[in-house]
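Summary of structural features
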Amino acid sequence: RGTFGDPANDMITGGTDPWNDLTHQMVDQGGGHYTATVEGTYIGEPFDYKLANSDYSTAAPGSNGRVVTNNNGEVNFHLWTNNGDPWTDGWYPNSGPRAGYDDPQQFGWEVIGSFNNWRQLGTDPVYSLADMGNGLYTGTFALSAGSYNFKFREQDSWDVAIGNDFGNSAANIPLRVWDDGAQYTFSLDLPNGRWQAVTTSPTPDLNGDGYVDASDYVLWRKSGGSMDQYNAWKKHFGEAPPPPPPTAFFARGTFNNYDESIPMTDEGGNVWDATVTGLTPGTAYNYKLANDDYSQDAPQGAFRDGTVPANDNGEIHFHLFNQTTWSDGWNPSDTRRAGFDDPHQFNWELMGDLGDGSGYVSHGIMTDEGGGLYSIDATIAADGTWPFKFRKEGDWGINIGVDFANNGADASTGMVTAGTYEFDLDLRNGRWRVIPAAVAGSRLDGAAVPEPASIALIMMTLALIGFVPRNGRCRQQCG
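The structure displayed is predicted, hence computed values, not measured ones. (Residues numbered from 1 in each chain as written. Predicted model: local features only at pLDDT ≥ 70, side-chain atom pairs only at ≥ 80, totals over all residues. Heavy atoms only, no water.)

**Some thoughts on the pairing of strand β2 (residues 33–38)**
The two faces of the sheet receive side chains in turn, since in a regular strand these alternate between them. Sheet topology places strand β1 (residues 27–30) next to β2; three bridges connect them, and they run antiparallel. Along β2, the bridge assignment pairs Val-27 with Thr-35. Taking the residues between adjacent antiparallel strands as the criterion, β1 and β2 are bridged by two residues, where Gly-31 takes a positive phi near 65°. Here six bridges tie β2 to strand β5 (residues 75–80), and the two strands are oriented antiparallel to one another. Across the sheet, the residue bridging to Val-38 is Val-75, located in β5. (Pairing = 2+ DSSP bridges. Helix = DSSP H or I, 4+ residues; strand = E, 2+ residues; numbered from the N terminus.)

**Some points on the sheet that holds strand β9 (residues 136–143)**
An order of β8-β9-β13-β14 is seen for the four strands of this open sheet, with the pairing classed as antiparallel. The sheet is open, and its two edges are formed by β8 (130–133) and β14 (194–199), each paired on a single side. The mean angle between the axes of side-by-side strands here comes to 20°, regardless of whether they run parallel or antiparallel. Summarising the sheet, strand β13 (residues 182–189) and β14 pair through six bridges and their orientation is antiparallel. Pairing of Ser-187 across the sheet is with Gln-196, part of β14. (Axes fitted to C-alpha atoms, helices over the stretch in contact; angles between N-to-C directions.)

**Structural notes on the side chain of Asn-76**
Topologically, Asn-76 is positioned in strand β5. Among the residues examined, Asn-76 registers a relative accessible area of 18% and is labelled buried. Side chain to side chain, Asn-76 and Thr-37 meet in a polar contact 2.8 Å long. Once residues lying within four places of it in the same chain are set aside, the contact partners of Asn-76 are Ala-36, Thr-37, Asn-70, Gly-100, Tyr-101 and Asp-102. (Buried < 20%, exposed > 50% of the residue type's maximum accessible area, 1.4 Å probe, protein only. Polar contact = N/O pair within 3.5 Å; in protein donor to acceptor, adjacent residues only side chain to side chain. Contact = heavy atoms within 4.5 Å.)

**Overview of the pattern of salt bridges**
Taken as a whole, this structure holds 17 salt bridges when the rule is applied. Of the charged contacts in the structure, one is a salt bridge between Asp-89 and Arg-194, with a shortest N-O distance of 3.1 Å. You can see Asp-89 sitting in the loop between β5 and β6 (98–101) and its partner Arg-194 sitting in strand β14, a full 105 residues away along the chain. Residue Arg-194 is classed as buried on the basis of its relative accessible area of 18%. (Salt bridge = Lys/Arg side-chain N within 4 Å of Asp/Glu carboxyl O.)

Rendered as structure tokens:
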């Protein structure tokens, strides 16, 4: 199953989802091994995939994998279930089924991690893996003592990567190195859907909990361990994992080849800022705000970039809001938000299907409320859930959907009844909302926002006449 599926074969959601194309059935080869070939696609084309039964109760990898087609435009998949038993071959993942594929041989592989500063661009020859044939890649490297995270990835690219569960968007793989200069052999086995990172150096941490304590000594005694292993235990007794390095975020994009040359500044309160300079005014740039290995990013996910033009000074001012749960009534409500100062290069337009039978059309130019806020009232003609996006006036080249990504999924009104609704877009704070059209004075209607002193005078005056409004919505950057 994957992005290579034909939506016309989707019998589950009415012909819209390529993942519900169940025509690529796998063949039972016996012994818990299943195979399938997907063909008729472009050579070197990347596809997201998962090998699963109809209801996903058996599926691998846990996160979606990514693979490119071979020189025949094919992908040859392998699913290894181990008949439901845990794996004891010393490879990972070691629980659940494994998803693999024949090597398409479209690129080489390398190890990328905190031990080489998550090198973003350019192949790192020190950590390149050798092609051993039949989809097996290996490399042996000397590492300094420390706690690390790493992934396997396509050389010089994050387009295809393999993490803890062999998926492209999987978690990083943790690695603890106890002694300077320890030799580690990294192995990636594509057809069998597995990886290794092993060393010949004796480990002091026999139970793998990250600590060296009496329980490890007990295991050493019970297992009849070597004197070298005992000496390693004695040397490191009482040690615990070093704290991980603090998270840092970077502004990445077509303006810097997605590298780490533009670190963001921690402003406190989970807010990170960065300014990109020296750009061409009015030129649109793709961007992503992310940490070193992209495990924390916004807009979230591979191939989910935002797009913004540089302002008249050739600058873009980015803002990252590093929290994943929101209760301010805006969306997205369950992911980090990426915003930017309004470049004022164009107007914004509301596009969508609002139930009037016209299809996915324009519903008008939004009002610029200032401070990167835009609003418009639009009529929803029928009860239901209706899709929409914000876009640059008359141009789909720049648009914003559910998660602020360009050309991403539609935003949704949620289940609403027919009526007039206010659609709000907040560029700086990376958020949007749909609310019933407000009564006069409580909506984003373009009126000037009073200064704090003026607000205080207004509230005093209202108090003197015995009336203070309650439960009013904030006018601009609330939440």
